[in-house]
Structure formats: structure tokens, C-alpha cells
Amino acid sequence: GPTVQRERMALANMSQQPIGVFDSGIGGLTVLKELLARLPNETFVYFGDTARVPYGNKSADTVRRFSSENVKLLLERGVKMVVVACNTATADALPQLVSEFTLPIIGVIQPGVRAALAATRNDKIGVIGTSGTIRSMAYQNAILAVKPDARVTSKACPLFVPLVEEGWTDTPVTRLVVEEYLKGYKNLGIDTLVLGCTHYPLLKPVIASLLGDGVTLVDSAVEISREVAVVLDQHKLASKGPGGRFDIILSDTSPTFAEIASRFLGRRAPEIELVSVR
């Protein structure tokens, strides 16, 4: 009947809407890069809360409040689903966001966990991330919930983010820092390492060469792009195209932003739009 017709029309219109992506800063652009590669028919709106970055040293309540405001900002742009590209926001705020809003909202942790569980052969899994993500135990708990006898060894690597933002992804200094943080993993026999921070994919080559072929690196950006494809199909929200366009909105900008953004995206960043957050 006409109601079904109308719902089909509404869905068809919804499917042309952009996908929203938010992060506490610009690390989430590694997620956007994978989304653009995997979903060429989709358009995107990226919001980086650069005025209030980092989230890792804020209280969970504050992270929840910021995250909720970020979703509202994306909703004003007419997004059809939201990707939380921030590990801290996923750990602290995802359950609340899912109950607060009706549109599909997914975070980076669960896809990374699933990939790690699928990859490991010996159930020895390493997790690296910012201090806040590691302290939240989000990855550890999620892995152990599925595989209680898994051995999860986690390590905060706070110096990785500034190195990546400085563009030092493959310098002798970077290799020394990576080695210093990860040397403990050498004798633990892990066969899987979860890169639990959106900046870390840029260090993949250095980390891989240090840990060797026997260790699978799980990149949350790659995994969540797979998940988004599945969720779009489930909700019949996949766009028929044309895609590939994306907007970047930030709550603050710096002279180096365009350069860093281009590095993260692997292409020139478009004009940045600024919004003010309280």
C-alpha cells in the first residue's frame, strides 16, 4: 500500500544522505581514508573536535557529553549513520549514544576485537593504544568476554601520536621509540597486535618490521570500514552513488592541519569548515 511505498521512498532518500564520522581530533581521518576506499558510492561528513582534543585524559562523563554533542552536530548535516572513529569515545560513550539516538551508530573497538579473535591462532593478543584507551580496558574486556582464556597484554604508547602528527612515521627516532614500547612483546609470543588508536596505522610498516611476519597487525580503521558496509546493507541504507565527496568540519584549526590531514588521508584535504563548540 501507500505506506510501504512512502517508507521505500524515505529509505531511498536516506540512502543518499552522507555517513557521519567523528573523532576527538584528526586521527580519525585514517578511518575516513579506509571508508572512502571501501565505499566509493558513499559521501561523508567528518567532524574532528580539535578544540577539545584529547579525550583520553577527560572523565568518562565529559567524553559522553562531548560525544553526544558531536552526534547532534552530524545529525544537523543530515547523516544516515555515525561512525565513532575515536577509541576513547567508543569506550566511554558508545552504549549511551546507541540508546540516545535512533540512527545506526558504530564504534571502532568491536570490529577490531572481532578481527583480533579471528586472526589469533595461539590466543595471545597484544593491544596498544593511548593511556586512556588502555586504562578503560575496553579491548581487553571485549576480547575476554568472547575468549576467557585469551592472554591479552596491553600497552599504552603515548609518544606514538605526536610522532605521527610530526610526520615522523619512519625515522631512526621513531624506530627507537617503537622498539622501546614493544620490546616486551618480543618474548610473550603474541601472534596478533591490535592497533587501538587511529594514528597508529601510519606506523604499521615500522611496527611490522619490528615484530616480524609471525604477528598479524589488526588495523581498526580497516575493520570498521568492513563493518560499515555490513550495517549499510542490513539497514538498506547503501547509496547507489555517485560518491567520493567528503566534508571536514573542525572545532579548531592550526596552520599545520592541512598538511597533517593530507598525510592521514593520502590525498589533499578539502577546504576545512570551522564550527564553535562550547
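What you see is a predicted model; the values in this text were computed from it and never measured. (Residues numbered from 1 in each chain as written. Predicted model: local features only at pLDDT ≥ 70, side-chain atom pairs only at ≥ 80, totals over all residues. Heavy atoms only, no water.)

**Student:** Which residues make up the sheet that holds strand β9 (residues 246-250), and what are the values?
**Tutor:** Here we have six strands laid out as an open sheet, ordered β4-β3-β1-β2-β9-β10, and parallel in their pairing. One side of each edge strand has no neighbouring strand; the edge strands of this open sheet are β4 (105-107) and β10 (272-274). Between one strand axis and the next, the sheet turns by 25° as a mean value, whatever way the strands run. Strand contacts of helix α3 (residues 60-76): β1 (19-23), β2 (44-48), β3 (81-84), β4 and β9, with the helix running at about 150° to β1, the strand carrying the most contacts. (Pairing = 2+ DSSP bridges. Helix = DSSP H or I, 4+ residues; strand = E, 2+ residues; numbered from the N terminus. Axes fitted to C-alpha atoms, helices over the stretch in contact; angles between N-to-C directions. Contact = heavy atoms within 4.5 Å.)

**Student:** Pulling in residues and values, what's your account of empty space enclosed by the protein?
**Tutor:** Rolling a probe over the atoms, with the probe sized like a water molecule, indicates the empty space that remains. In this structure the tally under the stated criterion is one cavity of 30 Å³ or more. Its volume calculated, the largest cavity comes out at about 40 Å³. Lining the largest cavity we find Thr30, Val31, Asn87, Val108, Leu195, Cys197, Thr198, Pro201, Asp219, Ser220 and Ala221. Listing elements by their share of the lining of the largest cavity, those giving two or more residues are α2 (29-38) and α11 (220-234). (1 Å grid on protein atoms, 1.4 Å probe; cavity = no way out; pocket = protein on both sides within 12 Å on 5 of 7 lines; lining within 4 Å. Points joined across faces, edges and corners; volume = space filled by probe spheres on them.)

**Student:** Mind laying out the nonpolar core, listing which residues take part and the relevant values?
**Tutor:** Ranked by internal contacts, the top residues of the largest apolar core, which has 54 residues, are Leu29, Ile128, Phe160, Leu182, Leu193, Ile207 and Val228. Beyond its immediate sequence surroundings of up to four residues, Phe160 is in contact with Ile128, Val177, Val178, Tyr181, Tyr200, Leu203 and Ile207. With 22 residues, the next largest nonpolar core counts Val63, Phe101, Ile249 and Val275 among its residues. (Core = buried A, V, L, I, M, F, W, Y, C linked by side-chain atoms within 4.5 Å. Buried < 20%, exposed > 50% of the residue type's maximum accessible area, 1.4 Å probe, protein only.)

**Student:** Just give me the short version of the layout of surface pockets, but keep the residues and values in it.
**Tutor:** Each pocket or cavity is described by its volume, and for the largest pocket that value is around 620 Å³. Val53, Pro54, Val161, Glu165 and His199 are the residues nearest the centre of the largest pocket, which is lined by 32 residues in total. Mapped by element, the contributors of at least two residues to the lining of the largest pocket are α4 (87-100), α6 (131-136), α8 (160-165) and α12 (257-265). Looking at the lining of the largest pocket, the element that brings in the most residues is α6, giving three residues.

**Student:** An account of the packing of helix α5 (residues 109-119) against helix α7 (residues 138-146) is needed here, citing residue identities and associated values.
**Tutor:** For the pair α5 and α7, interaxial distance at closest approach is 10 Å and the crossing angle is 50°. Accordingly, the angle class assigned to the pair α5 and α7 is oblique. Considering the relative orientation of α5 and α7, their crossing is right-handed. Contacts between α5 and α7 involve Ile109, Gln110, Val113 and Leu117 from the first element and Ala138, Tyr139, Ala142, Ile143 and Val146 from the second. Residues of the contact of α5 with α7, tallied by class, amount to eight nonpolar, one polar and no charged. (Parallel < 35°, antiparallel > 145°, perpendicular 65-115°, else oblique. Left-handed = near helix turned anticlockwise from the far one by under 90°. Nonpolar A, V, L, I, M, F, W, Y, C, P; charged D, E, K, R; others polar.)

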